[in-house]
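# Geometric and topological summary
Spelled out, the chains give:
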Amino acid sequence: MMSSRLAVDIGGTFTDVVLETGMTSHAIKVLTTPDAPERAVLEGVRTILAQAKCRPQDVTLVVHGTTLATNALIERKGASTALVTTEGFRDSVEMAWEHRFEQYDIHMERPQPLVPRDLRFGVPERVASDGAVLLALDEAAVRRVAAELKAQKIEAVAVCFLHSFTNETHERRVGAILAEELPGVAISLSCEVCPEIREYERTSTTIANAYVLPRMAGYLGQLEADLRKEGIAGPLLLMMSSGGITTVDTARRYPVRLVESGPAGGAILARTVAAENDARRAVAFDMGGTTAKLTLLDDLELQRSRQFEVARAYRFVQGSGLPVRIPVIELVEIGAGGGSIARLDELGRIQVGPDSAGSVPGPACYGRGGTEPTVTDADTALGRLDPTRFAGGAIPLHRDKAEAALQALAGPLGTDAQGAAAGVAEIVDETMASAARVHAVENGKDTADRALIAFGGAAPLHAARLARKLGMKQVIVPVGAGVGSAFGFLRASIAYEVVRTRHLRLDMFDAKMLNELFAAMRAEAEAVVQPAAPGETLIESRLAFMRYRGQGHEIAVPLPNEPFAADAAGELRRRFEATYEQVFGRAIPKLEVEALTWTLSISTDRPLPPPAKPVPRVTAPAPSGHREVFDPASGLLERAALHERKALTPGMSFDGPALIVEDGTTTVVPTGFIAHINEVGQIVLEDRA
């Protein structure tokens, strides 16, 4: 029997499951069960194995992405957590960056630390910035703190000492004492979780890791056991925010790296699709039930970052959240999913999101008790969705309930339910377009003349309109777009990144120190990757975060993957100045250059596919029917042709208006667009307007 691979993506509304066996794939969507997420996972796994007639023992790999870590941070439903830090520094997490992220809001609210002040403890110890011990660790004080933590019934402890990234001895010793005094309590050390400079970010990341660790460790252990009970013997691997996958053991130790794992899978799929279409400049557009995510691709490379904010007090305002310093794919996330709730503001304008109806009760059209109008209700009222085909027919849609919910908007607006639906669709599309424009400008780029790669259950419904707003002429909808992130999981490399802060001025270059540092980092990364990828070729990449001396922040500079020679300082300066000039337009002569942080990542080799070959265009078969669809752009009802996606083969082509229907989603082809199917079965929309 041919081996099979499973991918599972837990979202805010749906849990997506994909099964691949050779060249054949199956996909389903089930409603997420927020109270016990593993229940939806097991339901989906059992259903898809039965549909595919696949035995559990033939599943050789399960790749999983989950929002549990993210949700625990946002909803403040993590473990009871304490912080142990250098005496005198327990308030650094509350002082944060000491700036106002909303200067003109007199009622501005800062994000509350995950650890309240009475659970933040300082102990006498001090390490200098160069690693020298200025004050020895007071072990008796640590044991007194441990007794207090035991009395408070603390479930997790974060340990973060000043400058521990240069000398981790004190943190290691405290970890050993706490493990001895508090058996069963989860302990996170900053020298393991985030061993790099910048006190607030390092402390925040370590606290976040400790906060979600007990729940995530328990969930992953339970899920692994449940999959074995189902007869699935293949390993369980976890998707990380960096776009790589890792082992359960690593995910249990560093669950903070799982934040944003679902969107990362979608970005990996988009990169593959871009390669197949030779789209060197693209935008990945992932719109699910709760949020929409957009990320830029240039020369088939994703934008990456080393910092992400979670649980923002002001959802889309930078600086208003809790920073987690982890490898992450750079993206913009907005509250514009299918379940996003629409309402009128005090001026009578339509507002959409960021709150969502989720899976419970869900949009009004689900018929599960929801009464507030959502984007999915609008798409239903506009005629875009087939009530009998939504989520593969698992969730029948009630158009009458959608229109009833939309009446709450229609009355004050002086229109009918369909007019209100058109307004909701236009507002959510413009919100996404605006976010994409700002994200591009902030990165020194633009959106025009890029290809839009659309996936997620709601994205193909809105992609063509979004593309027009952004000046894009091409939209690509991959196979299995409705569960795109899960498909991306199966295309990701097994990977891990290690980071270290070592301050080094180039005029005092130390090749021996750097070579020893990178050797240790390589060994640490290999210890994570090799057990999950035995015998596979590993690809190494290195970065240095460098700046002119006196600057406050660094830029990422690619490094050669080879030992440093004694005279390598000149090459590092050349690489830094080339990168600096690319980012800022010019280099600054005669200034000293220094490096603060160094990263090394290794991954399995997953080469991108070659571009699909052109195929002769032929006329598509006659549509299976027609449906009246309201077009918000023109304000007209149009008679759209219905095409079953499974009936469309490479080369087939037709004009809009049309709807391409499949189990996971529906692709809207507006007037002025032509749709054709490329060699690998993807839908390519071209704007002829």
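Structural notes, computed from the coordinates. (Residues numbered from 1 in each chain as written. Predicted model: local features only at pLDDT ≥ 70, side-chain atom pairs only at ≥ 80, totals over all residues. Heavy atoms only, no water.)

## Considerations on the sheet that holds strand β10 (residues 186–189)
The line we're drawing: DSSP-based pairing: two strands are paired if at least 2 bridges between them are found. Secondary structure elements are defined from DSSP: runs of H or I of at least 4 residues count as helices, runs of E of at least 2 residues count as strands, and each element is numbered from the N terminus. Lines fitted to the C-alpha atoms define the axes, with helices restricted to the stretch that makes contact. Angles between their N-to-C directions range from 0 to 180 degrees.
Judged by pairing direction, the sheet is parallel, and its 4 strands sit side by side in the order β6-β5-β9-β10 without closing on themselves. Strands at the two margins of the open sheet, each flanked by one partner only, are β6 (120–123) and β10. Strand-to-strand twist of the sheet, defined as the mean angle between neighbouring strand axes without regard to direction, takes the value 20 degrees. Where strand β9 (residues 156–160) and β10 come together, 4 bridges link them in parallel fashion. The partner of Ala158 across the bridge, within β10, is Ser188.

## Here we look at empty space enclosed by the protein
The rolling of a water-molecule-sized probe over the atoms marks out the regions of remaining empty space. To keep it simple, the criterion reads: Cavities and pockets were defined on a 1 Å grid built from protein atoms only: a cavity is a group of points that admits a 1.4 Å probe but offers it no way out, a pocket is an open group of points flanked by protein on both sides within 12 Å along at least five of seven lines, and a lining residue is one with an atom within 4 Å of any such point. Grid points are joined across faces, edges and corners, and a volume is the space filled by probe spheres set on the points.
Throughout the structure, instances matching the rule amount to 4 cavities of 30 Å³ or more. Quantified by volume, the largest cavity comes out at close to 200 Å³. For the largest cavity, the lining is made up of 21 residues, of which Arg384, Asp631, Pro632, Val668 and Pro670 are closest to its centre. If you list the elements that add at least two residues to the lining of the largest cavity, you get α12 (417–442), α13 (459–469), β30 (625–631), β31 (636–644), β33 (658–661) and β34 (666–669). The biggest single contributor to the lining of the largest cavity is α13, with 4 residues. Roughly 90 Å³ of internal volume is contained in the second largest cavity. Lining the second largest cavity we find Val93, Pro111, Gln112, Pro113, Leu114, Val115, Tyr200, Ser204, Ile207, Ala208 and Leu322.

## Considering the sheet that holds strand β3 (residues 24–31)
Rules: The contact rule is simple, with two residues in contact once any of their heavy atoms fall within 4.5 Å.
Read across the open sheet, the 6 strands follow the order β3-β2-β1-β4-β11-β12; overall the sheet is mixed. The open sheet has two edge strands, β3 and β12 (245–247), and neither has a second partner. Ignoring which end each strand starts from, the neighbouring axes of this sheet average 25 degrees apart. Sheet topology places strand β2 (residues 14–21) next to β3; 8 bridges connect them, and they run antiparallel. Note on β3: the bridge partner recorded for Thr15 is Val30. On top of the sheet, helix α9 (residues 261–276) reaches β1 (4–10), β4 (59–65) and β11 (236–239); it is set at about 85 degrees to β11, its chief contact.

## Side note on the layout of surface pockets
Rules: In the scheme used here, Gly and all other residues not listed as nonpolar or charged are polar, with Ala, Val, Leu, Ile, Met, Phe, Trp, Tyr, Cys and Pro taken as nonpolar and Asp, Glu, Lys and Arg as charged.
In this structure, the second largest pocket spans a volume of roughly 1,200 Å³. For the second largest pocket, the lining is made up of 40 residues, of which Ser25, Ala27, Val479, Gly480 and Phe487 are closest to its centre. For the lining of the second largest pocket, the secondary structure elements donating two or more residues are β3, α1 (37–52) and α9. Examining the composition of the lining of the second largest pocket, we find that 7 residues originate from one element, β3, more than from any other. A breakdown of the residues in the lining of the second largest pocket according to their chemical character gives 16 nonpolar, 13 polar and 11 charged.

## Digging into the pattern of salt bridges
Here is the rule: We define a salt bridge as a contact between a side-chain nitrogen of Lys or Arg and a carboxyl oxygen of Asp or Glu at a distance within 4 Å. Accessible area is worked out with a 1.4 Å probe on protein chains only. A residue is then buried under 20% of its type maximum, exposed over 50%, and partly exposed in between.
With the rule as written, the count across this model stands at 56 salt bridges. A salt bridge links Arg253 to Glu192, with the nearest nitrogen and oxygen atoms 3.9 Å apart. Placement of the pair is Arg253 in helix α8 (residues 248–253) and Glu192 in helix α6 (residues 190–193), with a sequence separation of 61 residues. On the accessibility criterion, Glu192 (24% relative accessible area) is partly exposed. The salt bridge involving Glu554 is made with Arg198; its shortest N-O contact spans 2.8 Å. Separated by 356 residues along the polypeptide, Glu554 in the loop between β26 (538–548) and β27 (555–559) and Arg198 in the loop between α6 and α7 (199–229) bring together distant segments of the chain. Taken as a pair, Glu554 and Arg198 share a single burial class, namely buried. A cluster of three or more residues bridged by salt bridges with shared partners is formed by Glu426, Glu430, Arg437, Arg465 and Lys469.

## Focus: the packing of helix α2 (residues 68–75) against α7
Inclusion rule: Here the angle decides the label: under 35 degrees means roughly parallel, over 145 means roughly antiparallel, 65 to 115 means roughly perpendicular, and every other value means oblique. Each crossing gets its handedness from the near helix: less than a right angle anticlockwise from the far helix is left-handed, clockwise is right-handed.
Two elements in contact, α2 and α7, have axes whose closest approach is 10 Å; the angle formed by their N-to-C orientations is 130 degrees. Relative to α7, the element α2 is oriented oblique. Once α2 is placed against α7, the crossing between them reads as right-handed. Only Ala208, Tyr211, Val212, Arg215, Met216 and Tyr219 of α7 make contact with α2, whose side of the interface consists of Leu68, Ala69, Ala72 and Leu73. Along the lines of polarity and charge, the residues of the contact of α2 with α7 split into 9 nonpolar, no polar and 1 charged.

## Here we look at the nonpolar core
Our working definition: Among the buried residues, those of types Ala, Val, Leu, Ile, Met, Phe, Trp, Tyr and Cys that are joined through side-chain atoms within 4.5 Å form a nonpolar core.
Ranked by size, the top nonpolar core spans 202 residues in total, and within it Phe285, Phe509 and Trp598 carry the most contacts. A total of 12 residues in this core trace back to one element, the largest contributor, which is α12. Counting 17 residues, the second largest nonpolar core, distinct from the first, contains Phe14, Ile395, Ala402 and Ala640.

## Concerning the packing of aromatic side chains
Put simply, the rule reads: What counts as a ring pair is set by centres within 6.5 Å for rings of Phe, Tyr and Trp (its six-membered ring), and what kind of pair is set by the plane angle: stacked under 30 degrees, edge-to-face over 60, tilted for all other angles. Distance and angle both matter: a charge sits over a ring if NZ of Lys or CZ of Arg is within 6 Å of the ring centre and within 35 degrees of the ring normal.
Counted according to the given criterion, the structure contains 11 aromatic pairs. Geometrically, the ring pair formed by Phe518 and Phe564 is tilted, given 5.8 Å between the ring centres and 45 degrees between the ring planes. Taken together, the residues Phe518 in helix α15 (residues 511–529) and Phe564 in the loop between β27 and α16 (569–584) connect sequence positions 46 residues apart. The two residues Phe518 and Phe564 agree in class, both being buried. Linked through ring pairs, Phe509, Phe518, Phe564 and Trp598 together constitute an aromatic cluster. One residue, Arg542, lies across the ring of Phe518, its end atom 4.3 Å from the ring centre.

## Considering the packing of α12 against α13
In contact at an axis separation of 9 Å, α12 and α13 are set at 50 degrees when each is read in the N-to-C sense. Considering the angle they form, α12 stands oblique to α13. Taken as a pair, α12 and α13 cross one another with a handedness that is right-handed. Contact with α12, carried on its side by Glu426, Val428, Asp429, Glu430, Met432, Ala433 and Arg437, involves His462, Arg465, Leu466 and Lys469 of α13 and no other residues of that element. Here the contact of α12 with α13 is built from residues that sort into 4 nonpolar, 1 polar and 6 charged.

## Digging into the environment of Met513
Mapped onto the fold, Met513 is located in helix α15. It is 36 Å that separates the C-alpha atoms of Met513 and Ala267, two residues lying 246 residues apart in sequence. Met513 has contacts with Arg502 and Leu504, leaving out every residue within four places of it along the chain.

## Some points on α2
Here α2 has its buried residues at Leu68, Ala69, Thr70, Ala72 and Leu73. Considering only its buried residues, α2 is in contact with α1, α7 and β17 (308–310). Residue Arg76 follows α2 closely and has a positive phi angle near 55 degrees.

## Points about the side chain of Asp226
In plain terms, the rule: Asp and Glu are treated as the negative residues and Lys and Arg as the positive ones, with His and the ends of the chain left uncounted.
For Asp226, the location among the structural elements is in helix α7. One buried charge, Asp226, has no salt-bridge partner; the nearest side chain with opposite charge is Lys229, at 4.4 Å. Residue contacts for Asp226: discarding those within four places in its chain leaves Glu38 and Leu42.

## Concerning unusual backbone geometry
The phi torsion of most residues other than glycine is negative, and most of the peptide bonds are trans. Here the amide bond leading from Gly656 into Pro657 is cis, since omega sits at 10 degrees, within 30 degrees of zero. The residue Pro657 is located in the loop between β32 (652–655) and β33 in this model. With a phi angle near 55 degrees, Lys53 is a residue other than glycine that sits in the positive phi range. By secondary structure assignment, the location of Lys53 is in the loop between α1 and β4. For Asp278, which is not a glycine, the phi torsion comes out positive at approximately 50 degrees. Relative to the helices and strands, Asp278 resides in the loop between α9 and β13 (281–287). Judged by its relative accessible area of 43%, Asp278 falls in the partly exposed class.

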